[in-house]
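Survey of secondary and tertiary structure
Letter by letter, the chains look like this.
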Amino acid sequence: MKAVRVHGPGDLRIEDVPDPRPAHGQVLVAVEAAGMCATDVHILHGTFPCRYPLTIGHEIAGRIVEVGDGVDPARVGASVTVEPHEYCRECLYCRIGQEHMCTAKEAYGVHVDGGMAEYLAVPSRLAYDLPEGVSAALGSMTEPIACSIHAMDRLGAVSGLPVAVYGCGPAGAVLVALCRRAGLSPIVVLDPRAERRDLALRVGADIALDPTTGEIEDIVRDLTGGYGFSYQIDAVGSPRVIEQAVARAARRGTVLFFGVAAPGDPATVYPQEIYAKELSLLGTAINPYTHHRAAALLPQLPLTELRTATYHLTDAAAALEAQQRGEVDKIFLAPGESLAGAGAGNGATRATV
Ligand SMILES: [Zn+2]
Ligand SMILES: [Zn+2]
């Protein structure tokens, strides 16, 4: 089969590799769509801890075409999304219900071969049924949605209070939509790019601001009655966000770090402000126990507002370049036969075949 392989920083290859076989307890998934995200670009650039050589791709949807021993043959034909993590079950975290903190975590597309390939064999329990009528492309977004649901769980927001979301890429857009469903008000998005501010408004933001304009602090003060934001979500991964967010936080406010900052990138914060305002600064990582909930929400989120492009698997290099140019909100890869069926719904554009 064809697979998108990264052999080291800057070394991307489309390779023929042996078809995987489903082992005991596994299902074989014919991949129909693999979402691309910033992590894939980081892996290509050598700025994300991973294990080379590697088939990338951790946002995966497809159809079960074969099952291994011990798996109900009735699963063949099911349209599924893959939860791309396996845990050791033996470390401290695995033993206290915090498996996503596992010290020996193996992530598909990061540590072990992932879904930018024609086939992938995974444990049956990691293949979640997609709701009826959901396309493979939208199905592949279950993973970032699951991460966003965990983020909202961490935020623990109560309705009727203001939230700021920094950055409105695809995950930021999902977070905005979830803030809407959680009843936060007003929902303020800060993004320097006009098309992303437009997206923010389409998926549920009340106001979208360009943070590079001069009067931003006055606007924030007006929007929050002078109190600041009760909740803030960094969906960028920039150290500047924590500096701004601590200053803009309401008393007892929460700042949540969802975006992935570069390792070693420092920020300047003033502990006195954290102390005096009783702030909570929280991290959120991946998707513990939220993949099922994300799949259930797929038909209800405004995902068709994202401008998408689907590339053939063998055009992965062009897709990765397009991802870095950021001209659409979300890019999917699809093997040839499934390209037509991978569409994200209305608004989808097909860039190449
Ligand atoms: Zn991702
Ligand atoms: Zn573990």
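Coordinates for the structure precede this section.
We now turn to the structure provided with this report. (Residues numbered from 1 in each chain as written. Chains lettered and ligands numbered in written order. Predicted model: local features only at pLDDT ≥ 70, side-chain atom pairs only at ≥ 80, totals over all residues. Heavy atoms only, no water.)

**Some points on the overall build of the chain**
Test applied: Under the scheme used here, helices are H or I runs from DSSP no shorter than 4 residues and strands are E runs no shorter than 2 residues, and both carry numbers assigned from the N terminus. Each residue is assigned to one of three classes by its accessible area relative to the maximum for its type, calculated with a 1.4 Å probe on protein chains only: buried under 20%, partly exposed between the two thresholds, exposed over 50%. Working rule for contacts: check all heavy atoms of both residues, and any pair within 4.5 Å makes them a contact.
Each helix and strand counted, the chain has eleven helices and 19 strands in total. Taken along its principal axes, the extent of the C-alpha atoms in the chain is 60 × 45 × 40 Å. Of all 353 residues assigned to the chain, the portion counted as buried reaches 53%. Contacts in the chain between residues far apart in sequence, at least 24 positions, make up 71% of those at least 6 positions apart.

**Observations regarding the coordination of the zinc ion (ligand 1)**
Under the convention used in this document: Counted as coordinating are nitrogen, oxygen and sulfur atoms within 2.8 Å of the metal, or 3.2 Å for Na, K and Ca, while water is not included, which may make sites look incomplete.
Only Cys37 (SG), His58 (NE2) and Glu59 (OE) from the protein reach the zinc ion (ligand 1) as donors, at distances of 2.1 to 2.6 Å. Here the donor residues for the zinc ion (ligand 1) map to a single chain with the spacing C-x20-H-E. Note that cysteine 37 is positioned in the loop between strand E3 (26-35) and helix H1 (38-45) and histidine 58 in the loop between strand E4 (54-55) and strand E5 (59-67), a separation of 21 residues in sequence. The exposure classification of cysteine 37 matches that of histidine 58, with both residues buried.

**Side note on unusual backbone geometry**
In the segment running from tyrosine 52 into proline 53, the intervening peptide bond is cis, with an omega of -10 degrees. With respect to the secondary-structure elements, proline 53 resides in the loop between H1 and E4. Going from serine 185 to proline 186, the amide bond is cis rather than trans, its omega being -5 degrees. In this structure, proline 186 sits in the loop between helix H5 (170-181) and strand E12 (187-190). Here the phi dihedral of arginine 252 falls at roughly 65 degrees; this positive angle occurs in a residue that is not glycine. Unlike most non-glycine residues, tyrosine 289 shows phi in positive territory, near 60 degrees. Mapped onto the fold, tyrosine 289 is located in the loop between strand E16 (280-283) and helix H10 (291-297).

**Details of the pairing of E3**
Applicable threshold: Criterion used throughout: strands pair if DSSP finds at least two bridges between them.
Here E3 lies mainly inside the structure; ten of its ten residues are buried. In this sheet, strand E9 (residues 119-123) lies alongside E3 in antiparallel orientation, the contact comprising five bridges. Bridge pairing in E9 links valine 29 to leucine 120. Across eight bridges, E3 lies against E5 in antiparallel orientation. Each bridged residue has a counterpart across the sheet, and for alanine 33 the counterpart in E5 is alanine 61. When E3 meets strand E18 (residues 330-334), the two strands line up antiparallel, connected through two bridges. Paired with alanine 34 across the two strands is leucine 333, which belongs to E18.

**Considerations on the coordination of the zinc ion (ligand 2)**
For a metal bound by four donors in tetrahedral geometry, the ideal donor-metal-donor angle is 109.5 degrees, whereas six donors in octahedral geometry ideally sit at 90 or 180 degrees. What counts is decided by this rule: A site with four donors is called tetrahedral when every donor-metal-donor angle falls between 85 and 135 degrees; four donors are called square planar, and six octahedral, when opposite donors sit more than 155 degrees apart and all other angles fall between 65 and 115; any other arrangement is irregular.
On the protein side, the zinc ion (ligand 2) has Cys88 (SG), Cys91 (SG), Cys94 (SG) and Cys102 (SG) as donor atoms, found 2.3 to 2.4 Å from it. Classification of the site at the zinc ion (ligand 2) as tetrahedral follows from its four donor atoms and the range of 102 to 117 degrees in their angles at the metal. Sequence spacing of the donors to the zinc ion (ligand 2): C-x2-C-x2-C-x7-C.

**Some remarks on the packing of H1 against helix H11 (residues 316-325)**
Rules: The angle between two axes is taken between their N-to-C directions and runs from 0 to 180 degrees, where each axis is a line fitted to C-alpha atoms and a helix contributes only its stretch in contact. Note that the term roughly parallel is reserved for angles under 35 degrees, roughly antiparallel for angles over 145, roughly perpendicular for angles of 65 to 115, and oblique for everything else. Working rule for handedness: look at the near helix, and if it is turned counterclockwise from the far one by less than a right angle, call the crossing left-handed; if clockwise, right-handed. Under the convention adopted here, Pro, Cys and the residues Ala, Val, Leu, Ile, Met, Phe, Trp and Tyr are nonpolar, Asp, Glu, Lys and Arg are charged, and Gly plus all remaining residues are polar.
With their axes 10 Å apart at the nearest point, H1 and H11 run at an angle of 115 degrees to one another. Between H1 and H11, the angle is such that the two are roughly perpendicular. For the element pair H1 and H11, the recorded crossing hand is left-handed. Residues Ala38, Asp40, Val41, Leu44 and His45 of H1 lie in contact with H11, whose contacting residues are Leu320, Gln323 and Gln324. Looking at side-chain class alone, the contact of H1 with H11 contains four nonpolar, three polar and one charged residues.

**Some details on the nonpolar core**
A general feature of soluble globular proteins is that nonpolar side chains tend to end up buried together. Note the following rule: Here, the term nonpolar core denotes a set of buried Ala, Val, Leu, Ile, Met, Phe, Trp, Tyr and Cys residues that are joined through side-chain atoms within 4.5 Å. Domain limits in this description derive from either an automatic procedure or a database domain assignment.
Formed by 43 residues in total, the largest nonpolar core has its most connected members in Ile145, Val163, Cys179, Ile233, Leu301 and Leu303. Listing elements by their share of this core, those giving two or more residues are helix H3 (136-140), helix H4 (142-155), strand E11 (163-166), H5, E12, helix H6 (194-202), strand E14 (229-234) and H10. Summarising the domain contributions, this core has at least three residues from each of domain 1 (2-129 + 307-349) and domain 2 (146-283). Setting aside its immediate chain neighbours within four residues, leucine 301 contacts Ile145, Val174, Ala177, Leu178 and Arg181. In terms of nonpolar packing, the next biggest core, distinct from the first, is built from 22 residues, Val4, Ile56, Val110 and Ala316 among them.

**Focus: H5**
The cut-off we apply is this: A helix is expected to span 1.5 Å multiplied by its residue count minus one.
Helix length check: H5, at twelve residues, gives a terminal C-alpha distance of 17 Å against a target of 16 Å (1.5 Å per residue), a fit within 8%. Along H5, nine of the twelve residues are buried, which leaves the element largely enclosed by surrounding structure. Those residues of H5 that sit buried are Pro170, Gly172, Ala173, Val174, Leu175, Val176, Ala177, Leu178 and Cys179. Two residues or fewer after H5 comes glycine 183, characterised by a positive phi angle close to 80 degrees.

**As for the sheet that holds strand E1 (residues 2-8)**
With antiparallel pairing, the three strands of this open sheet are ordered in space as E2-E1-E4. The sheet is open, and its two borders are formed by strand E2 (11-16) and E4, each paired with just one other strand.

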